[in-house]
Amino acid sequence: MNSVSASFKTNPINIDQIIPVDFKTVLKLPDTHAWTSTAAFPDHSPLISTHEGVPVVDLANPEAVTLIRRACEKWGMFQVTNHGVPSKLLNQIELQTKRLFALPTNQKVLAVRSPEDCVGYGLPRISTFFSKLMWSEGFTIFGSPIHHARQLWPNHHVDFCNVMVQYQKELMGLTERILGLIFMSLGLTQEDVKCFQPKNGSKHPQALLQLNSYPVCPDPTRAMGLAPHTDSSLLTVLYQNNITGLQVFRENVGWVPVHPITGAFVVNVGDLMHIMCNGRFKSALHRALVNKTHHRVSIAYFYGPPKDVKISPSLKLIDHDHPILYRPVTWKEYLDSKAIHFNKALDLIRYDVL
Ligand SMILES: O=C(O)CCC(=O)C(=O)O
Ligand SMILES: [Fe+2]
């Protein structure tokens, strides 16, 4: 069993209502979804006019490694262009994602994610940590989605499955390429990161695909699409349709919008990368807002280490001035802790925070 499924089995989602509301029929924001007055949602002001946005890195640029290092240090996030993933596949994944979420609720629930499972249709996993519900729905895939796709479209699931499988294949290649550039930017060699190489065919990186849908919302200023969080992955590569909603938090600045660039991907430093580089690159705190007129979708590819591989700060990044900050953890151990402690999980494995 993969690390994510194993962790979800250990920590079933604990929430009364596991099925998202039928967004199409709600004309007024229900109190259950009104975030304005909650402590987790202190500001909703669309924001901060900063001239500086999340860096955009052209992967064909000879300076890409340096640009990526700077972006990871400053933002924990960047966008990439010239990445080689065919635009036809991007159009197809957007189309299939919209096709899925356009189904009536009574059909989508046929593929509902059960509380102890990580795949299928449902609420954001982090919903358990908030008293208000989010204005979004998701569909999670690990490998082939055929089991759930058959429930949704008994005779028309083939295109959906093919696109999802093909997309994961492409994204595995792209994510490993970006990961290679990140390691290079840290001065790490193949030897330093050999725990990620498949060993005797038995150790494979693991990845999860998360389709997110943010329906149009009757009162977006009081609603939350996806609450602030960091990703528990090593790296997340996200595709968003042409609708603004994603924001990243920057210390001393505030929430900064990550405006979509046609055909580009957003890359996030995840918590495991934060650990691996001993805090030099910080995992990006981000959230998604909603709007009144446009349906937004995003497709997040969460890439993590092979099962049972312990992630620890790279020895090359530790010296007298940079003492080791984090204990080694497997992805499952980290997810288990995150399922209980949420945004405290990273601090709880720090040597200097007890
Ligand atoms: O929809 C987005 O832009 C963000 C999605 C996200 O952060 C996630 O799925 O973890
Ligand atoms: Fe995220």
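Heads up: these notes are all about the structure in this document.

Reading guide: rules and limits
- Residues numbered from 1 in each chain as written.
- Chains lettered and ligands numbered in written order.
- Predicted model: local features only at pLDDT ≥ 70, side-chain atom pairs only at ≥ 80, totals over all residues.
- Heavy atoms only, no water.
- Buried < 20%, exposed > 50% of the residue type's maximum accessible area, 1.4 Å probe, protein only.
- Helix = DSSP H or I, 4+ residues; strand = E, 2+ residues; numbered from the N terminus.
- Pairing = 2+ DSSP bridges.
- Near = heavy atom within 4 Å.
- Polar contact = N/O pair within 3.5 Å; in protein donor to acceptor, adjacent residues only side chain to side chain.
- Areas by Shrake-Rupley, 256 points an atom, 1.4 Å probe, with all protein chains shown as cover.
- Nonpolar A, V, L, I, M, F, W, Y, C, P; charged D, E, K, R; others polar.
- Phe/Tyr/Trp six-rings, centres within 6.5 Å; stacked < 30°, edge-to-face > 60°.
- Lys NZ or Arg CZ within 6 Å of the ring centre and 35° of its normal.
- Donors = N, O, S within 2.8 Å, 3.2 Å for Na, K, Ca; no water.
- Core = buried A, V, L, I, M, F, W, Y, C linked by side-chain atoms within 4.5 Å.
- Contact = heavy atoms within 4.5 Å.
- Axes fitted to C-alpha atoms, helices over the stretch in contact; angles between N-to-C directions.

Most of strand β12 (residues 296–304) sits inside the fold, with nine of its nine residues counted as buried. Going residue by residue along β12, you find R296, S298, A300, F302 and G304 tucked away on one face and V297, I299, Y301 and Y303 tucked away on the opposite face as well. Of the pairings in the sheet, the one linking strand β5 (residues 206–214) to β12 comprises nine bridges and is antiparallel in character. Bridge pairing links L209 to Y301 in β12. The pairing of strand β7 (residues 235–240) with β12 spans six bridges and is antiparallel. Looking at the pairing, L235 lines up with Y303 of β12.

Turning next to the site of ligand 1. Inspection of the region around ligand 1 gives N212, Y214, L226, H229, D231, L238, L246, H286, R296, S298, A300 and F302 as its neighbouring residues. Residue D231 places a side-chain N or O atom 3.3 Å away from an oxygen atom belonging to ligand 1. Residue S298 places a side-chain N or O atom 2.7 Å away from an oxygen atom belonging to ligand 1. In isolation ligand 1 exposes 290 Å². Once the protein is present, 95% of that is buried. Listing elements by their share of the shell around ligand 1, those giving two or more residues are β5, β6 (226–229) and β12. When residues in the shell around ligand 1 are grouped by element, the largest group, four residues, is from β12. Of the residues that constitute the shell around ligand 1, the class distribution is six nonpolar, four polar and two charged.

Note on aromatic pairs: each is described by the distance of the centres and the angle between the planes. A complete count under the given rule lists nine aromatic pairs for this structure. With a centroid separation of 4.5 Å and an interplanar angle of 10°, the aromatic rings of F129 and F342 are classed as stacked. Of this pair, F129 sits in the loop between β3 (120–122) and β4 (137–141) while F342 sits in the loop between α8 (331–341) and α9 (345–348), and the two are 213 residues apart along the sequence. Judged by its relative accessible area of 29%, F129 falls in the partly exposed class. With a centroid separation of 5.0 Å and 50° between ring planes, the pair formed by W153 and F160 is classed as tilted. Here W153 and F160 have matching classes, each one buried. Clustering of aromatic rings is evident, with ring pairs tying together W35, F129, F130 and F342. Positioned over the ring face of W75 is R250, at 4.5 Å from the centre of the ring.

Moving on, we come to unusual backbone geometry. You will see that N252, though not glycine, has its phi angle at about 65°, which is positive. By relative accessible area, N252 is classed as exposed at 81%.

With that settled, consider the coordination of the iron ion (ligand 2). H229 (NE2), D231 (OD) and H286 (NE2) make up the full set of protein donors to the iron ion (ligand 2), lying at 2.1 to 2.2 Å. Mapped onto the sequence, the donors of the iron ion (ligand 2) take the spacing H-x1-D-x54-H. Each member of the pair H229 and D231 is classed as buried.

Take the nonpolar core next. Within the largest apolar cluster, 85 residues are counted, with the highest numbers of intra-cluster contacts made by F139, Y167, L211 and F265. Per-element tally for this core: the top contributor is helix α6 (residues 158–185), with twelve residues. Discounting chain neighbours no more than four positions away, the residues touching Y167 are L89, L90, I93, L209, Y239, F265 and I299.

Our next topic: the sheet that holds strand β8 (residues 246–250). Read from one edge of the open sheet, four strands run β6-β11-β8-β9, paired in antiparallel fashion. What marks the edges here is a single partner per strand, and that holds for β6 and β9 (254–257). Geometrically, the sheet is characterised by an average inter-axis angle of 25° between neighbouring strands, direction not taken into account. As judged from the two bridges shared by β6 and strand β11 (residues 286–288), these two strands associate in the antiparallel manner. By the bridge assignment, H229 is partnered in β11 with H286.

The mixed open sheet is built from eight strands, whose spatial order is β1-β2-β10-β7-β12-β5-β4-β3. Here the strands that pair on one side only, and so sit at the sheet edges, are β1 (56–58) and β3. Across the sheet, the mean angle from the axis of one strand to that of its neighbour is 25°, orientation sign disregarded. Looking at chain direction, β7 and strand β10 (residues 265–269) are connected through four bridges and run antiparallel. Bridge pairing links T236 to N268 in β10.

So far we have only geometry, and geometry alone does not tell us how the molecule works.
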